[in-house]
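Summary of the model geometry
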Amino acid sequence: MSKKPTIMIPGSEKGLRVESRVLEERIQKAVADGHRHIEIIAQGQHGIGGRLWRAGQEPVTVRVMGTSGQRVGAMGFPNTLIDVVGPASDDVGWLNAGARIIVRGNATNGVGNAMAQGKIFIDGDIGARGMTMTKQNPRFAPPELWVLGAVGDSFAEFMAGGVAVICGYGTQQTDNILGYRPCVGMVSGKIFFRGPHQGYSESDARLTAPDDEEWQWLVAQMVEFLGAIGKPELLSELTDDRAAWQILVAKKPFEKTVKVRDIRRFRVESWDKELGKGGLIGDLTDQDLSPIPLIATGELRRFVPFWENEKYLPPCQAHCPTGIPVQKRWELIRKGKLQEAVDLALRYTPFPATVCGYLCPNLCMQNCTRQKVSLPAVDTSVLGRASLDAAVPEPKAATGRTIAVIGGGAGGLSVAWQLRMAGHSPTIYEAGKRLGGKITAAIPKSRIPDKVLDHELQRLEKEIPHKYLKHPLKEEEFRKLYDKTDIVVIATGAGKPRVIPIPGHERAVAALDFLKESKGERAKVGKNVVIIGAGNVGCDAASEAFRLGAESVTLIDIQAPASFGAERKHAEAAGAKFLWPRFTKTITETAVELTNGESLPADTVIMAVGDQPDLSFLPEEIRTERGFIVVDEKYQTNDSRVFAIGDTVRPGLLTETIGAGRVAAQAIDDLLVGRHETYDQLPAIDPARVKIEYYDPRLPVFEDPQGCAAGCASCGACRDCGLCETLCPQNAISRRELEDGAYEYRVDPDRCIGCGFCAGACPCGIWRLTENVSLE
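Only a predicted model underlies this, so the values are computations on that prediction, with no experimental measurement involved.

Digging into the overall build of the chain
Counting its regular elements, the chain contains 21 helices and 34 strands. Over its C-alpha atoms the chain spans a radius of gyration of 36 Å, topping by over 25% the 28 Å that the globule rule assigns to 776 residues. Dimensions of the chain, computed from the C-alpha atoms along their principal axes, are close to 110 × 75 × 55 Å. Evaluated residue by residue, the chain yields a buried proportion of 49% over its 776 residues. A separation of at least 24 residues holds for 62% of the contacts in the chain among residues at least 6 apart in sequence. Carbon and sulfur atoms make up 51% of the accessible area of the chain, which totals about 38,400 Å². Looking at charge distribution, the chain has the averaged site of its 93 positive side-chain charges lying 2 Å from that of its 98 negative ones.

In structure tokens, the structure reads:
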């Protein structure tokens, strides 16, 4: 990216202070636009200079003038240099992850609090609790804090890594440059200091003098520090006398003195006495406070962890009506088996690209666990579109059993495909001129490329025999099919438009008819179009009306529109207007008149209030109810040899119809081979068990299957990260190899204390901690 000139961003507009959030957005935008030198005229805004990740590895310099607020450089990135021209407020470099921060003056409390990387240079003194709760990843250089003057109380409290250098120059604290009680709870790290002090936590740190290697490091780094703050002339004064420097080093665990406390005495004499019975939470709980004399293992544990790998469905699969194992496909891609992941789709649907890649509203994505913390859902449509060239699975050995599938739409093709894979001989009987049902006849071309749909239909036609009746099926023909085949599946869909019997309804065109004509480039519309019914079909009709030349399209509905997904977005993007609640009174030659007195100009009126199945071919002995065929949970009718799926049973989504085809095919296969099995679907995992905090929040979109696979949280399925084994304080968890490359994590009950670290840390929610069975 070409470098842009220095940009100045003011902290006020028209005499009013800009909010911190707004200022940060402007800084982030400047970086995204290519600016790498930014000057901020601050007016007390917080968090200036942090999280500038959009520059990648390119260095970014942020110069802060004016009055900076709290948390300058908070969560700073390694590519960032922040130069504060003047003093700074609390929490400079909070959670610093690599930024180099210079403060040309004093800084108040919390400098370097919880920092993990980077350097902070202070040209003055700092307040209390500097360098507290730091941490260090051994893969990176330790965090550093350099202070020209002195530090305040509680310095390096709970310090867990890093280096601090306190020069003691020019300070008024001539008798104590380390403040009161430094190093309490210090775990690791070093503090170089020059000047007098009044003690430190001797139980956590020890005092020593710098050895030759430490002294050489101090002098070399002092040059960088003094150069950064613009005072190189102080080098000789600060380094001439090596004896003036001392080091506080965190004690190793074996060096620390163990203090034995009588917890009961503390609770009675201090906690309860000062705060009341039960202390701070005494009014909320009456839990048992009796002491536990030992940390129990085995049968005496209060809690027991269980490794519940794949005992629950991930939310994506649980909410996919087709039942596609979305997560399993991402797992295969993570293992480098992209083609296997692509091929897997054809075991569940004959339309992995057409539906999963383009037409499905993606209920899997709507229920992705990542969204519980506002992260984007893993984009399954990416994998759907990649499945266009999936390899057809090898069908099982032929059984010789025949099935007549009436209807070549999504449902009929789905059940026929599954039966073919099971080794049976299905034949599709389609009343139209082409397979695909509404997908080929009515869904606009803007929603699905022709080459994708044609490719998947050709794949189906090669595998499954089909006959074009070219006329609606008659009852006599149905009975002949029934007599000559083992099973009949009704999948004729809903092709008979519903009509609201209002005056002038004959002037309206049915949405399904309009979409069919439009796809065949035979439809015409006027300047003003009104669509009665604002569902997804109505939205498709609206988009097509605009494509055909309409200038105004209005959709009306008696309730909040049920439309959603791509159909709604396309209609709104085209300019459609939605009105509700609205009730139609009559349709005239020039308008749609409403019961509230409104008159909507209308050259063309489209009625999109749903469709119903045409069951005129169905023998009267097949039970129906309110115009739909009655079936059980396996889609079997009251005649054991007749099944019905899709819109002949109930209106639904394409993916629901395809899923119904899978269920019916499984039931038919069981019936034909004499198998009697039940299929209990696993429950979905509780998303609260999954730890999304492990995943990078900086990825706004997913662009390829590999990126999607890496971002999948693998809810309920172990990713074999070994974190549980690593974290277990008792080494009670071990990994065991099983056959065929499988594995499991096991718990040694004689070591396990039921602490729950495994359940608390598991990214995928595999471990469950449950209360132990009481001993009798």
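Concerning unusual backbone geometry
Cis geometry is found at the peptide bond from Trp580 to Pro581, where omega equals -15 degrees. Examined against the element boundaries, Pro581 turns out to sit in the loop between strand E23 (577-579) and strand E24 (584-587). Of note, Met133 is a non-glycine position whose phi angle comes to about 50 degrees, a positive value. With respect to the helices and strands, Met133 occurs in the loop between strand E8 (117-122) and strand E9 (144-147).

Re the sheet that holds strand E21 (residues 528-532)
Strand order across the open sheet formed by five strands is E20-E27-E21-E22-E23, with parallel pairing between neighbours. Bordering the open sheet on either side are strand E20 (509-510) and E23, each of which pairs with just one other strand. When E21 meets strand E27 (residues 604-607), the two strands line up parallel, connected through four bridges. Among the inter-strand pairings, Val530 is bridged to a residue of E27, identified as Val605.

Topic: the environment of Gly549
Note on placement: Gly549 falls in the loop between helix H16 (536-547) and strand E22 (552-556). As for Gly549 and Leu481, which are separated by 68 residues in sequence, their C-alpha atoms are 46 Å apart.

Considerations on the packing of H16 against helix H17 (residues 565-574)
Two elements in contact, H16 and H17, have axes whose closest approach is 8 Å; the angle formed by their N-to-C orientations is 35 degrees. In this structure, H16 meets H17 at a crossing whose hand is left-handed. Each of Asn536, Cys539, Asp540, Ala542, Ser543 and Phe546 in H16 lies in contact with H17, whose residues at this interface are Glu567, Arg568, His570, Ala571 and Ala574. Residue composition of the contact of H16 with H17, by class: five nonpolar, three polar and three charged.

Quick notes on the nonpolar core
Across soluble globular proteins, nonpolar side chains show a tendency to be buried alongside one another. Judged by nonpolar contacts, the single largest core of 79 residues is most densely connected at Trp330, Val415, Val489 and Ile668. Residues in contact with Trp330, not counting those within four places in the same chain, are Val378, Asp379, Thr380, Leu383, Pro705, Cys708, Ala709 and Cys712. Counting 50 residues, the second-largest nonpolar core is a separate cluster that includes Ala42, Val72, Ala150 and Ile177.

Some points on the side chain of Thr584
Relative to the helices and strands, Thr584 is located in strand E24. In this structure Thr584 comes out as buried when scored by relative accessible area, which is 18%. Ignoring anything within four residues of it in the chain, the contact list for Thr584 reads Ile502, Ile532, Ile556, Val592, Glu593, Leu594 and Thr595.

Things to note about the sheet that holds strand E26 (residues 599-601)
Strand order in the open sheet formed by three strands is E24-E25-E26, with antiparallel pairing between adjacent strands. The open sheet terminates on both sides in strands that have one partner only, identified here as E24 and E26. Strand-to-strand twist across the sheet, computed as the mean angle between neighbouring axes with direction ignored, equals 20 degrees. With three bridges connecting them, E24 and strand E25 (residues 591-594) associate as antiparallel partners. Its bridge partner lying in E25, Thr586 is registered against Glu593.

Some points on the side chain of Thr604
With respect to the element layout, Thr604 can be found in strand E27. From its side chain, Thr604 meets the backbone nitrogen of Gly526 in a polar contact 2.8 Å long. Not counting residues up to four positions away in its chain, the partners in contact with Thr604 are Val525, Gly526, Asn528, Val529 and Val530.

Some thoughts on the environment of Ile263
Mapped onto the secondary structure, Ile263 falls in helix H4 (residues 263-275). With 57 residues separating them in the primary sequence, Ile263 and Arg206 have C-alpha atoms 28 Å apart.

Focus on the confidence of the model for the chain
Chain-level statistics for the chain give a pLDDT mean of 91 and a share of 97% at 70 or above. Confidence scores differ between elements of the chain, with H4 showing the lowest mean pLDDT of 75 and E9 the highest of 98.

Focus on the packing of helix H15 (residues 511-519) against H16
For the pair H15 and H16, interaxial distance at closest approach is 10 Å and the crossing angle is 40 degrees. Of the possible angle classes, the one that applies to H15 and H16 is oblique. Regarding H15 and H16, the two cross each other, and that crossing is left-handed. Residues Ala511, Phe514, Leu515 and Ser518 of H15 form the contact with H16, whose participating residues are Val537, Asp540, Ala541, Glu544, Ala545 and Arg547. For the contact of H15 with H16, the class distribution of residues is six nonpolar, one polar and three charged.

Thresholds applied
- Position labels on residues start from 1 in each chain and follow its written sequence.
- Only residues with pLDDT of at least 70 are given local features in this predicted model, and only at 80 or more are side-chain atom pairs given and counted; all residues enter the totals for whole chains, interfaces and linings.
- Only hydrogens and water are set aside when side-chain values are computed; all heavy atoms of the structure are taken into account.
- Numbering of helices and strands starts at the N terminus; helices are DSSP runs of H or I of at least 4 residues and strands are runs of E of at least 2.
- For the radius of gyration, the atoms used are the C-alpha atoms, and the globule rule reads 2.2 Å times the number of residues raised to 0.38.
- Only protein chains enter the accessibility calculation, which uses a 1.4 Å probe; a residue is then buried when its area is under 20% of its type maximum, exposed when over 50%, and partly exposed in between.
- We call two residues contacting when some pair of their heavy atoms lies within 4.5 Å.
- For the accessible areas, the method is Shrake-Rupley and the probe is 1.4 Å, while residue cover comes only from the protein chains on display.
- Positive charges are assigned to Lys and Arg, negative charges to Asp and Glu, while His and the chain termini are left out of the count.
- Note on charges: their place is set at NZ of Lys, CZ of Arg, CG of Asp or CD of Glu.
- Here, a strand pair is defined by DSSP locating no fewer than two bridges between the strands.
- Axis angles are defined between N-to-C directions and span 0 to 180 degrees, where every axis is a line fitted to C-alpha atoms and, for a helix, only to the segment in contact.
- Take the far helix as the reference: if the near one is turned anticlockwise from it by less than a right angle, the crossing is left-handed, and if turned clockwise, right-handed.
- Here the term charged refers only to Asp, Glu, Lys and Arg, the term nonpolar to Ala, Val, Leu, Ile, Met, Phe, Trp, Tyr, Cys and Pro, and the term polar to all other amino acids, Gly among them.
- Only buried residues count toward a nonpolar core, which is a set of Ala, Val, Leu, Ile, Met, Phe, Trp, Tyr and Cys residues joined through side-chain atoms within 4.5 Å.
- Within 3.5 Å is the distance limit for a polar contact, defined as a pair of N or O atoms, with the added protein rule that one can donate a hydrogen and the other accept it, and that residues adjacent in sequence qualify only through two side-chain atoms.
- Along the chain, pLDDT gives the predictor's confidence residue by residue, from 0 to 100.
- Note on angle classes: values under 35 degrees are labelled roughly parallel, values over 145 roughly antiparallel, values of 65 to 115 roughly perpendicular, and the remainder oblique.

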